[in-house]
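A look at the structure
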Amino acid sequence: MRAILPLWLLLQACAGCVRMHVYGDPEAYVAQPAAATSTLRVATYNTSLYDDAGNGLVRRLEAGDDNARRIAAVLQRVRPDIVLLNEFDYDDAHRAADLFQRDYLERAQAGGGEPLRYPHRYLAPVNTGVPSGLDLDRNGVVGGAGRDRGNDAWGYGLHPGQYGMLVLSRHPIDAAAVRTFQLLKWSAMPGAARPTDPGTGASYYPDAIWAQLRLSSKSHWDVPIQTPGGIVHLLASHPTPPVFDGPEDRNGARNADEIRLWREYISPGDKPWLCDDSGRCGGLDADARFVIAGDLNNDPVDGSGRHDAILELLEHPRVLRQATPRSEGAVEAAAKHAGAGVAHRGAAAHATGDFGGKVGPLRLDYVLPSTGLQLVDNGVYWPASADPASALVTASDHRLVWVDVGTGD
């Protein structure tokens, strides 16, 4: 009995603790308090539900789209309370969002779960595909056809709204309090990473163009959601990939500053330059609770991009330290690519998508709760290939990432 009692006491002391994998140290774990009464599941999912033609996604959804069915099945399995969908084409009539909700989420899908209804949503115009009227790619032509037209849009896209964003929520959204930063000028950010030509040291963009460039390749949204545990701000974005450019690294610079925008937004101090599309300036209130979500297109150690941008966000004092979400499917994919000669330094289990070829799996998608919320659990929906549900994830090269947080009552 004397030998058993200390073990019993130890188990009692650890009751309600969560085993955590601390970012940056695969062997380190810390205990967290038990979840609060109100638990909120927040997710991000780059759905790849886009089309190169205007209203092309609408027509596909009307006809019946197998990828949309698989995306819906994943959502029915994970059942997040709040989810940000990246790469979901925007249309002014919100027809694609209506169709996806009615014909896909609210119908039981093969391999999915029970029908899923979100009574609240937020979507708005984005910069992708919107003509700038400027020669942004410096090819001597403004606009043009195909990729040339896309390169001269405020954010790369072949039509306005391509690669848009959609927020779905079980809880009411305070639409009147939403802040969007679609129009914020890149040059307004103090110390902006203005791209330069490494051969000459001159600025890649002439002054007249630099003064007009928008920072966000899609948009940055602060969406306040009225959860049972109080207001939680969903900070949603989808920075440009830090590739598809030249030695000037214009997309790498933009990606880093798009990520930096959230660091600035949640940091203390006056920010008269940080003005939303309605003209209100300044960052998020110091006592506000938030979750940063989206495909941020930046892995902490592998792939392209300025890794310090995402590392500084992960290590921000207002971002909750949490276990890095992981999956069995990511480990399996990394082993497959390693066999083909693609080796990474980062932990294989942390990847959130498989980008094939010479790239392989990377961690690009994030759900980052703030301090003031309590971590309960997290993960990446990426089953191993032996699981029949693994077929669902083929709808996109990204995987859904989710975090459960306690919000209190």
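Heads up: these notes are all about the structure in this document. (Residues numbered from 1 in each chain as written. Predicted model: local features only at pLDDT ≥ 70, side-chain atom pairs only at ≥ 80, totals over all residues. Heavy atoms only, no water.)

Counted under the stated rule, the structure contains eight aromatic pairs. Between the aromatic rings of phenylalanine 100 and tyrosine 104, the centroid separation amounts to 6.1 Å while the plane-to-plane angle is 25°, which identifies the pairing as stacked. Pair noted here: phenylalanine 100 and tyrosine 104 are both in helix H4 (residues 95-105), with a separation of four residues, about one helical turn. Here a set of aromatic residues connected by ring pairs shows up, and it is made of Phe88, Phe100 and Tyr104. Its end group placed over the ring of tryptophan 402, arginine 41 keeps NZ or CZ at 4.2 Å from the ring centre. Cation over ring: arginine 399 sits above tryptophan 382, and NZ or CZ is 4.4 Å from the ring centre. (Phe/Tyr/Trp six-rings, centres within 6.5 Å; stacked < 30°, edge-to-face > 60°. Helix = DSSP H or I, 4+ residues; strand = E, 2+ residues; numbered from the N terminus. Lys NZ or Arg CZ within 6 Å of the ring centre and 35° of its normal.)

Take the sheet that holds strand E3 (residues 120-122) next. Strand order in the open sheet formed by six strands is E3-E4-E2-E1-E13-E12, with mixed pairing between adjacent strands. Either end of the sheet is taken by a strand with one partner, and the two such strands are E3 and strand E12 (374-381). Strand-to-strand twist across the sheet, computed as the mean angle between neighbouring axes with direction ignored, equals 15°. Across seven bridges, the pairing between E12 and strand E13 (residues 400-406) is antiparallel. (Pairing = 2+ DSSP bridges. Axes fitted to C-alpha atoms, helices over the stretch in contact; angles between N-to-C directions.)

Consecutive side chains of a regular strand alternate in pointing toward one face of the sheet and then the other. Most of strand E2 (residues 82-88) sits inside the fold, with seven of its seven residues counted as buried. Where strand E1 (residues 39-49) and E2 come together, six bridges link them in parallel fashion. If you follow threonine 44 over to E2, its bridge partner there is leucine 84. One ladder, built from five bridges, connects E2 with strand E4 (residues 165-169); its direction is antiparallel. When the sheet's bridge partners are listed, valine 83 is paired in E4 with leucine 168. (Buried < 20%, exposed > 50% of the residue type's maximum accessible area, 1.4 Å probe, protein only.)

Before going further, it helps to spend a moment on the sheet that holds strand E5 (residues 179-180). Think of a sheet as strands paired side by side through backbone hydrogen bonds, with each pair either parallel or antiparallel. In space, the five strands of this open sheet follow the order E5-E6-E7-E8-E11, with mixed pairing throughout. Each edge of the sheet is formed by a strand with only one pairing partner; in this case those strands are E5 and strand E11 (365-369).

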